[in-house]
Amino acid sequence: MKYNRKGFTLIELLIAATIIGILAVFATVSYRNSAADTRVAGARSKLDVLAGAVQRFNLDPSACPVINTYSKLTVANLINCGYLEKALWNETDEYFDFQICNESSSLCSSGPAYVACMTGISAKLPNRYLRDKGYRYCVDSAGKGVESLGAE
């Protein structure tokens, strides 16, 4: 008796489906990690803009009469003085908190003389490693970025 085999056996189909599933898992994990890296890079560039605005203000504080020596330096004050564009900047982000380092800044208290810092909002940060370790990125007075995980 001659068998005419046109098609695939059930085992062959299951093996193919398993291989496709494994590849889909790797692709999903890779996509999530790259999306998290993109969010971190975007937030870091945003913080660099904020730090640059603070440094420009620190060069000549008298050039901006809106901010006096008694008021706290804020993003709103930097926008009013023209150091930041309102349309391109807001103080909060879905994944990160930004803070200008003043004397009362708890985020900026440790380490060298930081100008501005950002920290990951732990509940919303998509990368589990960054979320669990407590991601923080600060720019010092020389313009150098310092990245850290966890409390220092």
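Our subject is the structure that appears above.
Residues numbered from 1 in each chain as written. Predicted model: local features only at pLDDT ≥ 70, side-chain atom pairs only at ≥ 80, totals over all residues. Heavy atoms only, no water.

Would you mind going over the packing of aromatic side chains in detail, with residue names and values included?
Within the structure shown, the criterion is met by two aromatic pairs. For the ring pair Phe-57 and Tyr-83, a centre distance of 6.2 Å and an interplane angle of 80 degrees mean the geometry is edge-to-face. With Phe-57 in helix α1 (residues 10-59) and Tyr-83 in the loop between α2 (75-81) and β1 (96-100), this pair connects stretches of sequence that are 26 residues apart. With relative accessibility at 8%, the residue Phe-57 sits in the buried group. Here Tyr-83 falls in the buried class, since its relative accessible area comes to 17%. (Phe/Tyr/Trp six-rings, centres within 6.5 Å; stacked < 30°, edge-to-face > 60°. Helix = DSSP H or I, 4+ residues; strand = E, 2+ residues; numbered from the N terminus. Buried < 20%, exposed > 50% of the residue type's maximum accessible area, 1.4 Å probe, protein only.)

Pulling in residues and values, what's your account of the side chain of Asp-140?
With respect to the element layout, Asp-140 can be found in strand β3 (residues 135-140). Buried and unpaired, Asp-140 has Lys-144 as its nearest opposite-charge partner, separated by 5.8 Å. Among the polar contacts made by the side chain of Asp-140, one reaches the main-chain amide nitrogen of Ala-142 at a distance of 3.1 Å. There is a polar contact of 2.8 Å between the side chain of Asp-140 and the backbone nitrogen of Lys-144. In contact with Asp-140, other than residues within four places in its own chain, are Gln-55, Ala-113, Tyr-114 and Val-115. (Lys, Arg positive; Asp, Glu negative; His and termini not counted. Salt bridge = Lys/Arg side-chain N within 4 Å of Asp/Glu carboxyl O. Polar contact = N/O pair within 3.5 Å; in protein donor to acceptor, adjacent residues only side chain to side chain. Contact = heavy atoms within 4.5 Å.)

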